[in-house]
Every structure is written in C-alpha cells, then in structure tokens.
Amino acid sequence: MNRIFIVEDDVKIAQLLKVKLEQYSYHVTLASNFRNISEEIEQADPHLMLLDINLPYYDGYYWCRQVRKTSNLPIIFISAREGEMDQVMAIENGGDDYITKPVQLELLVAKVRGQLRRAYGEYAMPSVQETGTAERTEGSSGEQGQEQDHGKLEVNGLVLWLNRNELHYEEQRIDLTRNELLLMEMLLIQCGEVVARDKLLEALWDDVQFVDDNTLTVNMTRLRKKLSELGLPSAIETIRGQGYKLKLSEGE
C-alpha cells in the first residue's frame, strides 16, 4: 500500500484529499506539526507528498528544499496560487508537479498514480536495454564510449549512477533530483542525437496535456546549471522547434 503524506493547513481541504485518496486504497497521513514537518515526514516515510505553499511558520518551498536534501520522493504542490511564477518556483525548489485549487479530485488521483508509477512502478527508470541505443563502444582514440554496468551509464567520462541519483565527471560529483536524473538518462542514452521535447515530457509526466511546456524548460535549466558546475557548461544544446541534444565532444 502506497503511503501519501499531505501537508495542508486547511483542515477541510486536507480531510477531503485524505478521504478521496483512501478510496483508492492509499495510506494517507496528515501533517499536524507545521513547525517541524521534517520530523513527521521521517516518521510517515511516505512514497509521495502533497504540499501546500502557504503554511504556518515556513512555506512549502522551504519544506520541499528540506526534503530534497535527503529524498527524491515525488512531491506535488497544491496551491491556490495560479501564477506562472509560482509554478516555476515550485519546480525550481524541487517539486515534480503542480495542481491549483480548487482541486479537481479525479485529476489529483491521476497525477498521484502517474508520479507513483514513474518513481516506483512500471515506468520507473526507463531501462537502457529497452531503447537499444546505448552500448559499449571502444574506439582507437581511447574514448570511454558508452556503457551501462550495474546501474551506471557512462558516456565519454560523464557517469550517471541511476541508483544513487548522482552525476560524476573528472572526480567531481553532483546530486540530481528525480526529474533531473530521468532527463539526464534520456540525453545520455541518445548522446549526440536530438531528443524531442514531447518524448522528454512523456518520460516525466503521464498527463502531458496538463503540463505547461515551461515546466520542462525549468527542469532542463536546472540540469544545465549542474552540468556547468561539473565543468560542462555547453553540454546541452537546444534545437529550436525540436528538443535537446547532449554534446560531449567537439565532433558532435
């Protein structure tokens, strides 16, 4: 039974969400100590969190950042704020999706199901073997080429550890969010090729029609920033009107 933790200070809304989700056999826990939500999250050990923005003491952005220090569990923001900047902030601070109030309950259930499938179920971590595009290659130039070994995907010295949410390059390491990990995996698998925006969106979210295209842009911007921190500031190229391409050598 999947465990869901709801951080919502409006008791009526929290109970409404709890009752709806329990109809689908989810185990739901409601936050009660808004001064120390991290402790309650640790005790609940949820598979997914629903998080409001306007909260007592600290806002939802703050708590999302705290969770992201130790966990990549799916986080769906639920807020009455409808502005584009609010949704951008939610993604920037580590959220996976955003729903505006009043909440459409069936849409909420669909998004919860989708995030759980992405994180733990049938769509979790698209396998390299299924794509058939990433394989070990050894060239005369001495480049490492591409390989996957026990949860590792490596292309020309850039190593993605799928089970650790880590990206390594030249003895440097950086942590990735779940969405950043999925994007990096797809780009590595098709390194040097254009990966369509629609394909990237489908890899991250089931209900593409409900996702603002800007959400992908924001996640890609965050991934670019992390690659820059590793010394690869120009690794991801935007192909206007098509998608993105990962370039890890001058010849690509």
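Structure report, in brief. From a predicted model like this one, the values you see are computed outputs, not experimental measurements. (Residues numbered from 1 in each chain as written. Predicted model: local features only at pLDDT ≥ 70, side-chain atom pairs only at ≥ 80, totals over all residues. Heavy atoms only, no water.)

**Considering the nonpolar core**
Leu158 and Met184 are the most contacted members of the largest nonpolar core, which has 34 residues in total. Counting only elements with at least two residues in this core, the list comes to β7 (152–155), β8 (158–161), β9 (166–169), α7 (178–189), α8 (197–204), α9 (213–229) and β13 (243–246). Ranked by the residues each element gives to this core, the list is headed by α7, at eight residues. Grouped together as the second largest cluster of nonpolar side chains are 20 residues, Phe5, Val7, Ile37 and Tyr98 included. (Core = buried A, V, L, I, M, F, W, Y, C linked by side-chain atoms within 4.5 Å. Buried < 20%, exposed > 50% of the residue type's maximum accessible area, 1.4 Å probe, protein only. Helix = DSSP H or I, 4+ residues; strand = E, 2+ residues; numbered from the N terminus.)

**Describing unusual backbone geometry**
The peptide bond linking Lys101 to Pro102 adopts the cis configuration, its omega dihedral lying at 0°. Relative to the helices and strands, Pro102 is located in the loop between β5 (97–100) and α5 (105–120). Positioned with a positive phi, Ser25 is a non-glycine residue whose angle comes to about 70°. Topologically, Ser25 is positioned in the loop between α1 (11–22) and β2 (27–30). Positive phi, normally seen in glycine, also occurs at Glu170, with a value near 50°. Considering the arrangement of structural elements, one finds Glu170 in the loop between β9 and β10 (172–175). What makes Glu170 exposed here is its relative accessible area of 58%.

**Comments concerning the pattern of salt bridges**
As enumerated under the stated definition, the model contains 14 salt bridges in all. Here Lys101 makes a salt bridge to Asp52, at a shortest N to O gap of 3.4 Å. Of the two residues, Lys101 is situated in the loop between β5 and α5 and Asp52 in the loop between β3 (48–51) and α3 (60–68); the sequence distance between them amounts to 49 residues. Accessibility expressed as a relative area gives 5% for Asp52, which makes it buried. Notably, a salt bridge pairs Lys111 with Asp97, separated by 3.1 Å at the nearest N-O pair. Pair noted here: Lys111 is in helix α5 and Asp97 is in strand β5, with a separation of 14 residues, a long-range link. Lys111 sits in the buried class, given a relative accessible area of 4%. Counted as one network, the salt bridges with shared partners bring together Arg164, Glu166, Arg173 and Asp175. (Salt bridge = Lys/Arg side-chain N within 4 Å of Asp/Glu carboxyl O.)

**Here we look at the packing of α1 against α5**
Following both chains from N to C, one finds α1 and α5 inclined at 60°, their axes separated by 11 Å at the closest point. Between α1 and α5, the interaxial angle falls into the category oblique. Crossing of α1 against α5: the hand is right-handed. Contacts between α1 and α5 pair Leu16, Leu17, Lys20 and Leu21 from the former with Leu105, Glu106, Leu108, Val109 and Val112 from the latter. A breakdown of the residues in the contact of α1 with α5 according to their chemical character gives seven nonpolar, no polar and two charged. (Axes fitted to C-alpha atoms, helices over the stretch in contact; angles between N-to-C directions. Parallel < 35°, antiparallel > 145°, perpendicular 65-115°, else oblique. Left-handed = near helix turned anticlockwise from the far one by under 90°. Contact = heavy atoms within 4.5 Å. Nonpolar A, V, L, I, M, F, W, Y, C, P; charged D, E, K, R; others polar.)

**Some points on helix α2 (residues 37–44)**
Side chains that are three or four residues apart share a direction in an α-helix, a result of its 3.6 residues per turn. By the burial criterion, the buried members of α2 are Ile37, Glu40, Ile41 and Ala44. Angularly, the buried residues of α2 cover 100° about the axis, an arc narrow enough to put them on a single face. Opposite the buried face of α2, at more than 90 degrees from it, the exposed residues are Glu42 and Gln43. Summarising the contacts, the buried residues of α2 are in contact with β1 (3–7), β2, β3 and α3. Asp45 lies just past α2 and shows a positive phi near 50°. (Arc of directions from axis to C-beta.)

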